[in-house]
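# Survey of secondary and tertiary structure
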Amino acid sequence: MAAFLCALNPSGFVQPALRPNLQPAPIQMMSLGLGQVTWYLTTDEISGTTDERIAFLLDKGVEESVIASVAKNIALPEAAPPPAAAPGPPAEAIELASKLNPVLGYWDPLNLAELNFWGAGDDATVGFLRHAEIKHGRVAMAAFVGYCVQSNVHFPWAPFNSIPTNIAPAEQWAQLPEAAKWQIILFVGFLEVYSEHSFILEKYGQKHYMKGGKPGFFPDFDTMVHPVPLNLWDPLKAYKGASAERKADGLLKEVNNGRLAMIGIMGFCAEARVPGAVPALSNIAHYAGDPMAPFAANFHLPGFAS
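Values in this document were obtained by computation on a predicted structure and should not be read as measured data.

Cut-offs and rules
- Residues numbered from 1 in each chain as written.
- Predicted model: local features only at pLDDT ≥ 70, side-chain atom pairs only at ≥ 80, totals over all residues.
- Heavy atoms only, no water.
- Salt bridge = Lys/Arg side-chain N within 4 Å of Asp/Glu carboxyl O.
- Helix = DSSP H or I, 4+ residues; strand = E, 2+ residues; numbered from the N terminus.
- Buried < 20%, exposed > 50% of the residue type's maximum accessible area, 1.4 Å probe, protein only.
- Phe/Tyr/Trp six-rings, centres within 6.5 Å; stacked < 30°, edge-to-face > 60°.
- Patch = residues over 30% accessible without salt bridge, like charges linked within 9 Å, V, L, I, M, F, W, Y side chains within 5 Å.
- Areas by Shrake-Rupley, 256 points an atom, 1.4 Å probe, with all protein chains shown as cover.
- pLDDT = per-residue confidence, 0-100.
- Contact = heavy atoms within 4.5 Å.
- Core = buried A, V, L, I, M, F, W, Y, C linked by side-chain atoms within 4.5 Å.
- 1 Å grid on protein atoms, 1.4 Å probe; cavity = no way out; pocket = protein on both sides within 12 Å on 5 of 7 lines; lining within 4 Å.
- Points joined across faces, edges and corners; volume = space filled by probe spheres on them.
- Nonpolar A, V, L, I, M, F, W, Y, C, P; charged D, E, K, R; others polar.

## Quick word on the pattern of salt bridges
Summed over the entire model, instances satisfying the criterion amount to 6 salt bridges. Between E92 and R130 there is a salt bridge; the shortest N-O distance is 3.4 Å. Pair noted here: E92 is in helix α4 (residues 91-100) and R130 is in helix α5 (residues 122-150), with a separation of 38 residues, a long-range link. Under the relative-accessibility criterion, E92 is labelled partly exposed at 48%. Linking D249 and K253 is a salt bridge whose minimum nitrogen-to-oxygen distance equals 3.2 Å. One end of the pair, D249, and the other, K253, are both in helix α9 (residues 244-273), 4 residues apart, so they sit about a helical turn from each other.

## Some points on the packing of aromatic side chains
Within the structure shown, the criterion is met by 9 aromatic pairs. Ring plane angle 75° and centroid distance 5.5 Å describe the contact between F117 and W118, whose orientation is recorded as edge-to-face. Classification of F117 as buried rests on a relative accessible area of 17%. Owing to a relative accessible area of 67%, W118 belongs among the exposed residues under this scheme.

## Description of a nonpolar patch on the surface
Among the surface-exposed residues, F144, V145, V149 and V153 lie close enough to one another that they form a single nonpolar patch of about 280 Å² accessible area. In this structure, F144 sits in helix α5. In this structure F144 comes out as partly exposed when scored by relative accessible area, which is 30%.

## Comments concerning the confidence of the model for the protein chain
Reading fine detail from the predicted coordinates is not recommended where pLDDT is low. When the pLDDT values of the protein chain are averaged, the result is 75; 67% of them are 70 or greater. Between residues 1-46, whose pLDDT stays under 50, and residues either more than four places distant or in other chains, the model counts 90 contacts. In this model, residues 73-77 is a region of pLDDT below 50 whose contacts with residues beyond four sequence positions or in other chains number 6 contacts.

## What about the environment of L100?
Secondary-structure assignment places L100 in helix α4. It is 7.8 Å that separates the C-alpha atoms of L100 and V255, two residues lying 155 residues apart in sequence. In this structure L100 touches L252, V255, N256 and R259, once residues within four positions along its chain are discounted.

## Concerning the nonpolar core
Within the largest apolar cluster, 11 residues are counted, these being A140, Y147, A168, A170, A261, I265, F268, A272, L281, I284 and Y287. Sorting the residues of this core by element identifies α5 and α9 as the ones contributing at least two each. Those residues in contact with A170 that sit more than four places away from it in its chain are Y287 and P291.

## A look at unusual backbone geometry
Even without a glycine there, the phi angle at N111 is positive, about 55°. By the element assignment, N111 lies in the loop between α4 and α5.

## With respect to the environment of I54
Position of I54 among the secondary structure elements: in helix α2 (residues 50-59). Placed 10 residues apart in sequence, I54 and E64 show a C-alpha to C-alpha distance of 8.9 Å.

## Regarding the layout of surface pockets
Considered as a void within the structure, the second largest pocket measures approximately 830 Å³ in volume. Lining the second largest pocket are 26 residues, and of these W107, D108, L129, E133 and R259 sit closest to its centre. Elements with a contribution of two residues or more to the lining of the second largest pocket: α4, α5 and α9. Of the residues assigned to the lining of the second largest pocket, the class counts are 17 nonpolar, 4 polar and 5 charged.

Structural data, given as structure tokens:
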């Protein structure tokens, strides 16, 4: 029976191995009440279509009635369907990439846009990736400007007045009290939670960016109990009342500037940690610690033993 199943549908069963001397190993059929047949099989011989495999059995001397009986009484597994074609990148992403950089065009070496994050679908995946890039670009732009300011400006108020400007910004961060670090981190966390809440987005007629909303949208703070006249995306109201075309052009510029800022801030961190890594930045202050570690080695959560 093993020989029949291999011959009629080899993909669903273990194929017989060859002996070290390359002689095919014998396979003996189990008794089906129709006698037993023994022949030799090799992995090459049992390939081909169903008709070709039946022809092979006939050529080996197996009677047609035996083959018909096996095929009739044994539920042979169906051949596996051909693999589905790999999904291509979304047309929207290709069009946007050509606008952002006509020379480079669409470039996604990890094929992230073709994945299905959390089973939410292609549109949600692309929305997540677009929002993530815009947000990381904005953070990088703020970090790049902040790095330049921290390296040259001395702030006169506590706790910053005790920190010199002739040291790397990463060292300045390391010298901050833990309470100050927590205030900054919790404020950033508040911004993240505030921008993700659906009931806040709905007040602006927006959906979540993974549900068809606008990637990069950040709500004003006028929906809070105590409204704050602040818009982090456009604090100077430069785009207030702007046309859709101008906003779209501004978004392209923002994404490109964000990409450049991400390269720039990583260049600062690399040169500060490894002198000579970025020769063009060799005059910046160096930092012997880990610029990616937000807290010192002896850090512990407030209220918990270290």
